[in-house]
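A structural walkthrough
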Amino acid sequence: MDDITWEEPFCGEGASCFRLGTDATGSAYIAIAGKEETPLTDSRDALRRMILDIKAGKADHLL
């Protein structure tokens, strides 16, 4: 997993920070900042769909 390009962490007030990353093979990664060695992995398309769904309010019930 050395070829992952990680974005800067996304942090909420008093919450864990999450990082998003991608690699050259088309995979996407989500990890807790500081624990990048154990990410959740899927395709970039799956990450794109998740972000679009969150922006559309489909996860608002979790807030």
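Our subject in this report is the structure included herewith. (Residues numbered from 1 in each chain as written. Predicted model: local features only at pLDDT ≥ 70, side-chain atom pairs only at ≥ 80, totals over all residues. Heavy atoms only, no water.)

Re the overall build of the protein
Put simply, the test is: The helix count covers DSSP runs of H or I at least four residues long, the strand count covers runs of E at least two residues long, and both are numbered beginning at the N terminus. The buried label goes to any residue with under 20% of its type's maximum accessible area, the exposed label to any with over 50%, and the partly exposed label to all in between, with areas taken from a 1.4 Å probe on protein chains only. Working rule for contacts: check all heavy atoms of both residues, and any pair within 4.5 Å makes them a contact. For the purpose of counting charges, residues Lys and Arg are taken to be positive, whereas Asp and Glu are taken to be negative. His and the chain ends are not included. Every charge is mapped to an atom, namely NZ of Lys, CZ of Arg, CG of Asp or CD of Glu.
Summing up its helical and strand segments, the protein has one helix and five strands in all. Ordered by position in the sequence, the α and β elements of the protein form the string β-β-β-β-β-α. Within the protein, buried positions represent 19% of all 63 residues. Contacts spanning at least 24 positions in sequence make up 13% of the contacts within the protein whose residues lie at least 6 apart. A gap of 6 Å separates the mean positions of the 7 positive and 12 negative side-chain charges of the protein.

Notes on the layout of surface pockets
Using the following cut-off: Here a cavity denotes grid points, spaced 1 Å and computed from the protein atoms alone, that fit a 1.4 Å probe unable to get out, and a pocket denotes an open set having protein on both sides within 12 Å along at least 5 of 7 lines; residues with an atom within 4 Å of a point are the lining. Grid points are joined across faces, edges and corners, and a volume is the space filled by probe spheres set on the points. The residue classification treats Ala, Val, Leu, Ile, Met, Phe, Trp, Tyr, Cys and Pro as nonpolar and Asp, Glu, Lys and Arg as charged. All others, Gly included, are polar.
The space that makes up the largest pocket amounts to roughly 300 Å³. Lining the largest pocket are Phe10, Phe18, Leu20, Ile30, Met50, Ile51, Ile54, Ala59, Asp60, Leu62 and Leu63. Those elements that place two or more of their residues in the lining of the largest pocket are strand S3 (17–22) and helix H1 (44–55). Of the residues forming the lining of the largest pocket, the biggest block, three residues, is contributed by H1. Of the residues assigned to the lining of the largest pocket, the class counts are ten nonpolar, no polar and one charged.

Some remarks on a nonpolar patch on the surface
The line we're drawing: The patches described consist of residues with a relative accessible area above 30% and no salt bridge, like charges being joined within 9 Å and nonpolar side chains (Val, Leu, Ile, Met, Phe, Trp, Tyr) within 5 Å. Using a 1.4 Å probe, the Shrake-Rupley method yields the accessible areas, and only the shown protein chains count as cover for residues. By definition here, a salt bridge exists when the distance from a side-chain nitrogen of Lys or Arg to a carboxyl oxygen of Asp or Glu is within 4 Å.
Nonpolar side chains collect at one region of the surface, where Met50, Ile51 and Ile54 lie side by side and expose about 230 Å² of accessible area between them. Following the sequence through the fold, isoleucine 54 ends up in helix H1. On the basis of relative accessible area, isoleucine 54 is assigned to the partly exposed category, the value being 46%.

Looking at H1
To be explicit about the condition: Expected helix span is taken as 1.5 Å per residue step, with the number of steps being one fewer than the number of residues.
The end-to-end C-alpha distance of H1, which contains twelve residues, comes to 16 Å, matching closely the 16 Å that a straight helix rising 1.5 Å per residue would cover. A positive backbone phi angle near 95° is found at glycine 57, which sits one or two residues after H1.

Some remarks on the environment of alanine 46
In this fold, alanine 46 is placed in helix H1. Residues alanine 46 and aspartate 3, spaced 43 residues apart in sequence, show a C-alpha to C-alpha distance of 19 Å.

A look at the state of the cysteines
Spelled out, the test is: Note on terminology: disulfide denotes any pair of cysteine sulfur atoms within 2.5 Å.
In this structure the tally under the stated criterion is one disulfide. What pairs with cysteine 11 in a disulfide is cysteine 17, and their sulfur atoms sit 1.9 Å apart. Disulfide cysteine 11-cysteine 17: the torsion about the S-S bond is 115°, which places it as right-handed. Given a relative accessible area of 23%, cysteine 17 falls into the partly exposed group.

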